[in-house]
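Below, each chain spelled out in residue letters.
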Amino acid sequence: KLEGYKKFYSIVKTIKMVTLAKFRLAQARVKTRDFTLRYTEKAFSIPFEEDAVIKGAQNTLVYVPITTNRGSCGPLNSNTYKYIEGVLSPKTVIIPVGKKGQDSIVKLFPKEFKFSVMNDMKAPMHYGYAGFLWENIQTVENAERIQIQFNRFISAGTQRQAVYNIPAFDKWLEGLNTAASQEDKRYTFANAVLENEEQTIRDFYDFHATLAVLNAVCENELSEQAARLVAVEGQLTNLAGLQSKTQSLYNKTRQGSITASLIEILSAMSSLEGNSAKGVRRNNFWEGAKLQ
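Quantities reported herein were computed from a predicted structural model and do not represent experimental measurements.

Rules of the game
- Residues numbered from 1 in each chain as written.
- Predicted model: local features only at pLDDT ≥ 70, side-chain atom pairs only at ≥ 80, totals over all residues.
- Heavy atoms only, no water.
- Helix = DSSP H or I, 4+ residues; strand = E, 2+ residues; numbered from the N terminus.
- Rg over C-alpha atoms; globule rule 2.2 N^0.38 Å.
- Buried < 20%, exposed > 50% of the residue type's maximum accessible area, 1.4 Å probe, protein only.
- Patch = residues over 30% accessible without salt bridge, like charges linked within 9 Å, V, L, I, M, F, W, Y side chains within 5 Å.
- Areas by Shrake-Rupley, 256 points an atom, 1.4 Å probe, with all protein chains shown as cover.
- Salt bridge = Lys/Arg side-chain N within 4 Å of Asp/Glu carboxyl O.
- Core = buried A, V, L, I, M, F, W, Y, C linked by side-chain atoms within 4.5 Å.
- Contact = heavy atoms within 4.5 Å.
- Pairing = 2+ DSSP bridges.
- Axes fitted to C-alpha atoms, helices over the stretch in contact; angles between N-to-C directions.
- Arc of directions from axis to C-beta.
- Phe/Tyr/Trp six-rings, centres within 6.5 Å; stacked < 30°, edge-to-face > 60°.

## Digging into the overall build of the protein chain
Stage number 1. Of the regular secondary structure elements, the protein chain holds ten helices and six strands.
Stage number 2. Computed over its C-alpha atoms, the radius of gyration of the protein chain comes to 34 Å, more than 25% above the 19 Å expected for a compact globule of 292 residues.
Stage number 3. Overall size of the protein chain, expressed as C-alpha extent along the three principal axes, is 130 × 40 × 30 Å.
Stage number 4. With 292 residues in all, the protein chain has 36% of them scored as buried.

Have a look at this one:
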């Protein structure tokens, strides 16, 4: 049992080192997230209340939860499922990303499940993968709004749920026309975008929607590695405690066995000394005792 704990500890420690390397790489990739999303935020940052959106929805509401491929990453996936459960409606369509999402959501929400997208995670997240996701998401007919759910990295021990709401192109364009006719904070931005041709505006919309998807998958990947680091560290602590208790029990048992053996030896020596005092003599160990 002690040897098993030692082997398991070495395996978990190796997993921790690999996860730490992946965490550092993922952390480097999202350093510029707030700069690259500057215009994406202007394009899609509109205040909303989810309950009001659900009640007023005329067409399909698409939810895209970003999940992980493996476990041992804390409550990231379970929190996502709880959020989805709270926003279900007859107009809900779910397109999970990741193996865990595919395995769980198809069982938890079979009616709302549309299809899933998986990534083997052998290559870093890139714009091409985000574009592939966005193209497949847009295959849903009569989509009124697309919401990307992911876990945003705050620190190594803190990850928070976040969403990106991307309206359908027609509704987004309608919102720009409304903003361009009113003097609000999006007035200048909306007029600058609407001065271009319709195809250019469509390309602008798709480009920044893809950037939002890319940021979501990168953030979720970083959160996954951070949560796994915390989980693995907890496993190492538990294993070290079990190993210490087992080692202590082993030492006590071994010491007890040694003590019992010493007592037997001392008892035999005392018995021999007593027989010698009574006149018992033995010249060779194979000979019987002879009385003097």
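## Brief notes about a nonpolar patch on the surface
Stage number 1. Together, Ile258, Leu262, Ile265, Leu266 and Met269 make up an exposed nonpolar region whose accessible area comes to about 470 Å².
Stage number 2. Its location among the elements puts Met269 in helix α10 (residues 198-277).
Stage number 3. Residue classification places Met269 among the partly exposed residues on the basis of a relative accessible area of 44%.

## Notes on the nonpolar core
Stage number 1. With 48 residues, the main nonpolar core has Val64, Trp134, Ile148, Ile166 and Trp172 as its most contacted residues.
Stage number 2. Ile148 has contacts with Val64, Ile66, Ile137, Ala162, Val163, Tyr164, Ile166, Val213 and Ala216, leaving out every residue within four places of it along the chain.
Stage number 3. If you look at the next biggest cluster of nonpolar residues, it comprises ten residues, including Leu61, Tyr63, Ile84 and Phe109.

## Description of the sheet that holds strand β3 (residues 143-155)
Stage number 1. The four strands lie next to each other as β2-β1-β3-β4, forming an open sheet whose pairing is mixed. The open sheet has two edge strands, β2 (92-94) and β4 (158-167), and neither has a second partner. Strand after strand, the sheet turns through a mean of 25° between neighbouring axes, direction not considered.
Stage number 2. Taken together, the ten bridges between β3 and β4 define a ladder with antiparallel strand orientation. In the strand pairing of β4, Gln147 is matched with Asn165.

## So, the pattern of salt bridges
Stage number 1. Using the criterion set out here, one finds five salt bridges in the structure.
Stage number 2. Arg152 is paired through a salt bridge with Glu219; the nearest N and O atoms lie 3.7 Å apart. Taken as a pair, Arg152 in strand β3 and Glu219 in helix α10 lie far apart in primary sequence, 67 residues in all.
Stage number 3. Residue classification places Arg152 among the partly exposed positions, given a relative accessible area of 23%.

## Re the side chain of Gln149
Stage number 1. Along the chain, Gln149 falls in strand β3.
Stage number 2. The contact partners of Gln149, leaving out residues within four places of it in the chain, are Tyr63, Val64, Pro65, Ile66, Tyr83, Ile84, Ala162 and Val163.

## Regarding helix α5 (residues 76-86)
Stage number 1. Every buried residue of α5 is accounted for by Leu76, Asn77, Thr80, Tyr81 and Ile84. Viewed along the axis of α5, the buried residues span an arc of 135°, placing them on a single side of the element. Of the exposed residues in α5, those oriented more than 90 degrees away from the buried face are Lys82, Glu85 and Gly86.

## Let's talk about the packing of aromatic side chains
Stage number 1. Scanning all chains against the criterion turns up ten aromatic pairs.
Stage number 2. Between Phe150 and Tyr164, the ring centres sit 4.9 Å apart and the planes meet at 40°, which makes this aromatic pair tilted. Of this pair, Phe150 sits in strand β3 while Tyr164 sits in strand β4; the two residues are 14 residues apart in sequence, bridging distant segments of the chain. The residues Phe150 and Tyr164 share a single accessibility class, namely buried.
Stage number 3. Geometrically, the ring pair formed by Phe169 and Trp172 is tilted, given 6.1 Å between the ring centres and 35° between the ring planes. With Phe169 and Trp172 both in helix α8 (residues 169-180) and three residues apart, this pair spans about one turn of that helix.

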